[in-house]
Each structure stands twice: as C-alpha cells, then as structure tokens.
Amino acid sequence: MGKLLFERKKFYPLQDVDEPVLYRDMFPYSEIPRIMFDQEAPEMSPPDEIWITDTTFRDGQQARPPYTSKQIVDLFKLFHRLGGPNGVIRQSEFFLYSKKDKEAVEKCLELGYAYPEITGWIRANREDLKIVKEMGLKETGILTSASDYHIFLKLKKTRRQIMNDYLAIIDEAISLGIRPRCHFEDITRADIFGFCVPFAIELMKRYRQSGIPIKIRMCDTLGFGLAYPNAILPRSVPKLVTALTKEAGVPSQYLEWHGHNDFHHVHSNAVSAWLYGCSAVNTSMLGLGERTGNPPMEAAIIEYIALKGDDDSIDTTVISEIAEFFKKDIGFEIPDNLPFVGQEFNSTSAGIHADGLEKNEEIYNIFDTAAILNRPPSIVITDKSGVAGIAHWVNSHLNLEPRSRIDKRHPGIAKIYDWVMNQYEQGRVTAVSNQEILEQAVINLPEYFDIDIDYIHEAARQLLSDTIHTLVGLDDMLSMDRVKQEALIEKAIQDNPFIQLAVIANKEGKKHTDIFIRSGRISADDEKKLDMDYSKRAWFIIPNENGHTHITSVFTSRITGLLGVTVSAPIVKNNEPVGVLRLDCKFEDLMKASRQIINIEY
C-alpha cells in the first residue's frame, strides 16, 4: 500500500473517556460544519467484487407514508429483475415490527428468490432478536450507535458500557445462528480509533471464533461524510473504509456503506466507499430515506455498470418500469428532472439543444436512453423551444424515419410555432402539454394524420374489443353491484395502459359508478362540473338500443383533456340491457395501432 496511512499499533484498546468527544472544531453547531484536511491520503483499493443492497422498505419508509404489503411485494419483484441473475442487488432489509411488515416479509420469502436476500433491522435487544429468529431470517441489521453524541447524549452510557451491551446482543445472535450486521450509527462524528476500530476488532474476533460472518454498516447518519481522501477523520469516507479494513481487519465483503444526503454528497460518498475497499453500498429506490434520503438505487446501478465496464446481465429498462410503478401504482410524484427516472430528465426546452437533437441525438443525450432505459429523449415545448424544438417533438412523436422527418422550415411547423408564441404573449407561464401540441399537429400537419376514420375505428376495435367484451360478460359486471364493478374497472385500467377513462351508466343512462382515469377516481369537485345524465349521449344510446359495441368520432375529453375516442358496450343480463360500459382510448395509441393496420410508411 506504500506509505502507511496511520501509525500502526499492536492493539487498539477502547478509550473509555469521561467526557464525550464532539469535535467542536469541526461541528460548531451554531455554524456550518467545517471541512478540514491533512497531508495523508489513502490509496484507492477497490474490492474484487462490489454490489448493491437495498433499504427501500426500511429507511425508505421513514420518508413517506408506509407502502402496502402488495406494493412491497411488487417492488421486491422489480428489484429482483433489476439486479439480474447474478444478484447485483444482493440484499433488501425490512422492518419486522408491525403485522403489515411481517406479512410483506412472508410474501417476499414465498417468492423463493436467491436475490435480493431478505434481511431484518432491529434495535440492540433480545426481544427484537427473537422476532428475527421467528421470521426465519438468516441476517439482521442491529443498531449499534457509534458516536459520543449517541452514546453519551442519547443513551446516557459510557463507551465501555455500550460496547459490552452491543457485544452481548451480538453473542446472542451468533448463538441463534443469525448473521449480525452492526450498524455503526453516526460514524462520521465518532471517535474512530477510540471506539469504532476497537469495537470492530472485537467483532472480528467473534467472527473468527464462530465462523459466522459479522458485517459492519458504516452509517453516515447526518450526511457529514466526504469523498475527499485528504479530509480528516471522522468525515473522510476513504479514511473510514481504510481504518476498518486495514487497521481493524474487516474484510471488504463484510463492510457496507449507508449514507444520507444532507449536504448533497450521498452518491459520491457511496462510490468513494466502493473505490477504497467497501464491497456493499446500501441504497433506496429514488433515494427516498429519512430526511434528505439515501444513495439512489438507480444511480448506483448506472455507476456499477460504469465502474465494471459490464452490465452483468442487469436489465436497466426495469428502472423505468419502477419509476412508472411509483407514479401510477403508488401515486408518488417523481421530480421531472430527477436523473434516470424523472419524466423530463432527458428532455430539453432549449431550441438550440433541440436543433442538435434533430440532427443527431448523441449531441445532447447522455447515452442511448431509448435502448438503456426505454426512454427516448424528448422535447418540452415552451417559448424557448423554437421551430427546431417543435419539429423534433413532432418527428419523435410520429416516430418518423430520418428520410421522412419533417423539416423545421415546414409551413405547418411554423404555424404551430406561431400558436405556441401567441400562448406566451397572452401571459402563459407553464409548458405546453404534449396533448396540446398533438392537437396543433393534427390541425396544421393534416397530411401526416390523414388516416381514414375507418382505420381509427378499427384500431380502437382491435385495442379494446376483447377487453370490453370480456368485462361486460363477467358475473361481477352483470351483477350491477357498484363496488364489484368499480373493482373490475380499476383492474382493467391497470392492465391496459391505453385505457384513459372508464365509467358505467345504468339502464336509464344515469352515472352508476365513479368515473375512473389513470390516476384513480376523479374528485367530487370535478364531478360537479359534469353532466351525470348520459341518456342523450351517442355512446350510451346506440349500444343500449342495438346491443352492439359503439365507437365515437375523435374528440377532446372534458375530463382527461386528451384527444381520443370512446368505445362503449352494453351490459346485458337475461337478454335485457342493464347498463353500458364506456372506455376511452388515447388518440396517440390509436394512431400507432392504425399505422400497423394499414402498414403506412412515412
């Protein structure tokens, strides 16, 4: 390793101080913490193998309302797919206290996955350890706070007392055959050679004696960690990792980093831990975690591939599936500009950038986001987009081949640009929606949307025919029981992404169920603005009278604001119509389907 980083001693005895060491020169509290340096810096020493662990269901649930058991299981399945067959996402930790927590663990265990392995998290007491044993888990995290802020000010004990307490529970875990993972809480404010290294040495003695691996998780509880090798302890991540691997003898594979983002260092600190000898980086999806959050799983996945130079059979497109799951199934609003997962992370509204994208997307796109994340680059239309931005939006939306792309000088593009600029001249301050641009494109570029209405109807029939006919024949639908029918509607929308709206009218044409859109039921306030009597609407009258499926002309929905068509079918029981089911389909999906039907080449 070259020059020794630390003065090596034969022993690192516990320093049982009378007063807490709070590093007031570094952490004055009434001022911003100081970043201090010295002349010593460890050399990078990456382990032979690195991997990712997950805390979405533990720390991640301390940042938001708890997930349901089903949401946990569904996310766990997605993490399994994302980590790939080689288990790049190696473990996932769970709370074990509530009935819901235990149910989620049991259902995830039933899946039988090798990866991620399910582990627990407990406080350092025997009662919690019993829960781990009862759940049949092979490993659990144990809270072993390391700084004097916690030992003296929170736990009101001495270092000797607290170490003895910790070692007693570690011995108990070993006796039960459970792998302990000691969470060195608040390590970036701890006395590294006075407490952490001596404690780690004692843990390694027990590992060698028992043969049961004992892991250490370095918890940067308040985000004080720094990726700078020359920063001084306890804040330097490179020096922390080096102290535990070189001085305490902790094998890299038993060392894990858990960070927080209080000072915007969360991802760089995690990568630094990898580079200096820590095998595992603990992450949560979207970086969700207590206060400012943890290292984002999606960022760690991309960094892993970049460092290894090999995707290790990781399916990166699952990142986009998970983001969509958070948005649609959990109802979590992901910031539009959040890297890799935000709706507009690879979007631009600048005309000069759009012009570059139109010529060659590699000029302004970070990598092939369409192939790697199933997210092609896009344009957000504002008054800064220019004709180039509008042309790129239309070309991308129509998925035109390079030889057939619409030039930014096309008169129709100019008309759309004039419409956009007029919007902002009248005081608009928001971006123009995709639906608005689509409508303007239909109006001003009719030659590109010149598809006979018969083909639109056929596309709608192909997309929705099987779905709507299956639904209207189900017993729960025929029962006209509102609760049962609404359950069917919700599942149909979930299973069929082209359905934008669904509602059922009774045989008199009155609204029978709530109106559902992709985000759920529309609000009571929105309903008040609508006519709930459908008895004079064509979508109700025609199937109700002739018993056949009906497809409307293209229209803009007052409810969703989307351009589309309605497909409706009668609900018939004992040869008598008892209601009508309405499903709305988005015009964009119909355009794509209709091109396939008539094999149009642009």
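So, a few notes on the structure that sits alongside this text. Just so we're clear, the structure is a prediction, and the values are computed from it rather than from any experiment. (Residues numbered from 1 in each chain as written. Predicted model: local features only at pLDDT ≥ 70, side-chain atom pairs only at ≥ 80, totals over all residues. Heavy atoms only, no water.)

Let's talk about the overall build of the protein chain
Check the secondary structure of the protein chain and you find 21 helices and 17 strands. Principal-axis analysis of the C-alpha atoms places the extent of the protein chain at approximately 90 × 60 × 45 Å. Within the protein chain, contacts between residues at least 6 apart in sequence are counted, and of these 71% link residues at least 24 apart. Averaging the coordinates of the 69 positive side-chain charges in the protein chain and doing the same for the 86 negative ones gives two points 4 Å apart. (Helix = DSSP H or I, 4+ residues; strand = E, 2+ residues; numbered from the N terminus. Contact = heavy atoms within 4.5 Å. Lys, Arg positive; Asp, Glu negative; His and termini not counted. Charge placed at Lys NZ, Arg CZ, Asp CG, Glu CD.)

Some remarks on the pattern of salt bridges
Taken as a whole and assessed by the stated rule, the structure comprises 39 salt bridges. A salt bridge links R179 to E117, with the shortest nitrogen-to-oxygen separation between them at 2.6 Å. A residue pair is termed long-range when its members are at least 10 positions apart, and R179 in strand β5 (residues 179–185) and E117 in strand β3 (residues 117–122) qualify at 62 residues. Residues E172 and R126 are paired through a salt bridge, measuring 3.7 Å at the closest nitrogen-oxygen approach. Taken together, the positions of E172 in helix α5 (residues 159–175) and R126 in helix α3 (residues 126–135) put the pair 46 residues apart, joining distant regions of the chain. Overall, E172 belongs to the partly exposed group, its relative accessible area being 26%. Overall, R126 belongs to the partly exposed group, its relative accessible area being 45%. A single salt-bridge network, built from bridges that share partners, covers R58, E93, E117, E139, R179, R181, K215, R217 and E256. (Salt bridge = Lys/Arg side-chain N within 4 Å of Asp/Glu carboxyl O. Buried < 20%, exposed > 50% of the residue type's maximum accessible area, 1.4 Å probe, protein only.)

Quick word on the sheet that holds strand β2 (residues 89–94)
Around the barrel, which closes on itself, the eight strands sit in the order β1-β2-β3-β4-β5-β6-β7-β8 with parallel pairing between neighbours. Shown here is a sheet whose adjacent strand axes are inclined to one another by a mean of 25 degrees, direction ignored. One ladder, built from three bridges, connects β3 with strand β4 (residues 139–143); its direction is parallel. Looking across to β4, one finds that G120 is bridged to T140. Strands in contact with helix α1 (residues 69–83) are β1 (51–54), β2 and β3; relative to β2, the strand with the most contacts, it is inclined by about 160 degrees. Together, β1, β2 and β8 (280–283) form the strand contacts of helix α9 (residues 297–308), whose direction differs from that of β1 by roughly 170 degrees. (Pairing = 2+ DSSP bridges. Axes fitted to C-alpha atoms, helices over the stretch in contact; angles between N-to-C directions.)

Considerations on the side chain of H183
In this fold, H183 is placed in strand β5. Setting aside chain neighbours within four positions, we find H183 in contact with R58, E93, W121, G141, I142, L143, T144, S145, R217 and C219.

Looking at helix α14 (residues 411–425)
Across its 15 residues, α14 extends 21 Å between first and last C-alpha, which sits within 8% of the 21 Å expected from 1.5 Å per residue. Three or more residues of α14 are buried, namely G412, I413, I416, V420, Q423 and Y424. For α14, the angular spread of the buried residues around the axis is 120 degrees, confining them to a single face. Away from its buried face, by an angle of more than 90 degrees, α14 presents the exposed residues P411, K415 and E425. Looking one or two residues past α14, G427 carries a phi angle of roughly 105 degrees, positive in sign. (Expected span 1.5 Å × (residues − 1). Arc of directions from axis to C-beta.)

Focus on the state of the cysteines
Joining two cysteines, a disulfide is a covalent bond between their sulfur atoms. Summed over all chains, the structure comprises zero disulfides. Between C278, a free cysteine, and C219, which holds the nearest cysteine sulfur, the sulfur-to-sulfur gap is 11 Å. (Disulfide = S-S within 2.5 Å.)

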